[in-house]
Amino acid sequence: MKLVINGNSVDVGDDPEMPLLWALRDIVGLKGTKFGCGVAACGACTVHIDGVPVRSCQTAIGDVTGAVTTIEGIGSVEKLHRVQEAWIAEQVPQCGYCQSGQIMAAVALLAEKPNPSDADIDDAMSGNLCRCGTYPRIRAAIRRAATIEGA
Ligand code: FES
Ligand code: FES
């Protein structure tokens, strides 16, 4: 089977039941997306399918019908995504484990709502857990990212 991942057509093996998270990490070698709970309860594994945030731990590759974007696909070292710029400026991460999922959720939020209210932020981010409690800095970074021009 092939999926479009970060703009490239990529072989992901032949088991349609395999969770997308497994394929991304173990077959494609994209380790930025994290395994947290495995039951769609923490958001650490969040990626986009056609721009919509999904839990890759509970998405079988046989059910993927659109283009997949992971944390590796939203920016580059030369040109960070504005959410990544804001994350750095606000020094959001502590251990970092949840952060790629947080960023993917934030990117999707800002694509849908360029100027989200605090309630919008809390609503969109409520499914992404952070055991280090970086929530205030996540909110600040999303507010900052909303002021930065870019995709
Ligand atoms: S690892 Fe997928 S939601 Fe927790
Ligand atoms: S930064 Fe440690 S779990 Fe979120």
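Residues numbered from 1 in each chain as written. Chains lettered and ligands numbered in written order. Predicted model: local features only at pLDDT ≥ 70, side-chain atom pairs only at ≥ 80, totals over all residues. Heavy atoms only, no water.

(A) Expanded view of the domain arrangement of the protein. Domain assignment breaks the protein into domain 1 (2–73) and domain 2 (82–145). Its C-alpha centre places domain 1 at a distance of 20 Å from the equivalent point of domain 2. Listed per partner, the contact involves 18 residues of domain 1 and 12 residues of domain 2. The tally of links from domain 1 across to domain 2 stands at 0 salt bridges. Our count for the domain 1 to domain 2 interface comes out at 6 residue pairs in polar contact (both at pLDDT 80 or more). When contributions to the side of domain 1 that touches domain 2 are tallied by element, the ones reaching two or more residues are β3 (46–49) and β4 (52–55). Residue composition of the side of domain 1 that touches domain 2, by class: 7 nonpolar, 9 polar and 2 charged. (Domains from an automatic or database assignment. Contact = heavy atoms within 4.5 Å. Salt bridge = Lys/Arg side-chain N within 4 Å of Asp/Glu carboxyl O. Polar contact = N/O pair within 3.5 Å; in protein donor to acceptor, adjacent residues only side chain to side chain. Helix = DSSP H or I, 4+ residues; strand = E, 2+ residues; numbered from the N terminus. Nonpolar A, V, L, I, M, F, W, Y, C, P; charged D, E, K, R; others polar.)

(B) Here's a closer look at a negative patch on the surface. A surface patch of negative charge is lined by D11, D14, D15, E17 and D63. By relative accessible area, D63 is classed as exposed at 58%. (Patch = residues over 30% accessible without salt bridge, like charges linked within 9 Å, V, L, I, M, F, W, Y side chains within 5 Å. Areas by Shrake-Rupley, 256 points an atom, 1.4 Å probe, with all protein chains shown as cover. Lys, Arg positive; Asp, Glu negative; His and termini not counted. Charge placed at Lys NZ, Arg CZ, Asp CG, Glu CD. Buried < 20%, exposed > 50% of the residue type's maximum accessible area, 1.4 Å probe, protein only.)

(C) Examining the packing of aromatic side chains more closely. Evaluated as defined, the whole model comprises 1 aromatic pair. Aromatic side chains W22 and F35 sit 5.7 Å apart centroid to centroid with 90° between the ring planes, which places their arrangement in the edge-to-face category. Placement of W22 in helix α1 (residues 20–28) and of F35 in the loop between α1 and β3 is noted, with a sequence separation of 13 residues between them. By relative accessible area, which is 36% here, W22 ends up partly exposed. The exposure class assigned to F35 is partly exposed, which follows from its relative accessible area of 37%. (Phe/Tyr/Trp six-rings, centres within 6.5 Å; stacked < 30°, edge-to-face > 60°.)

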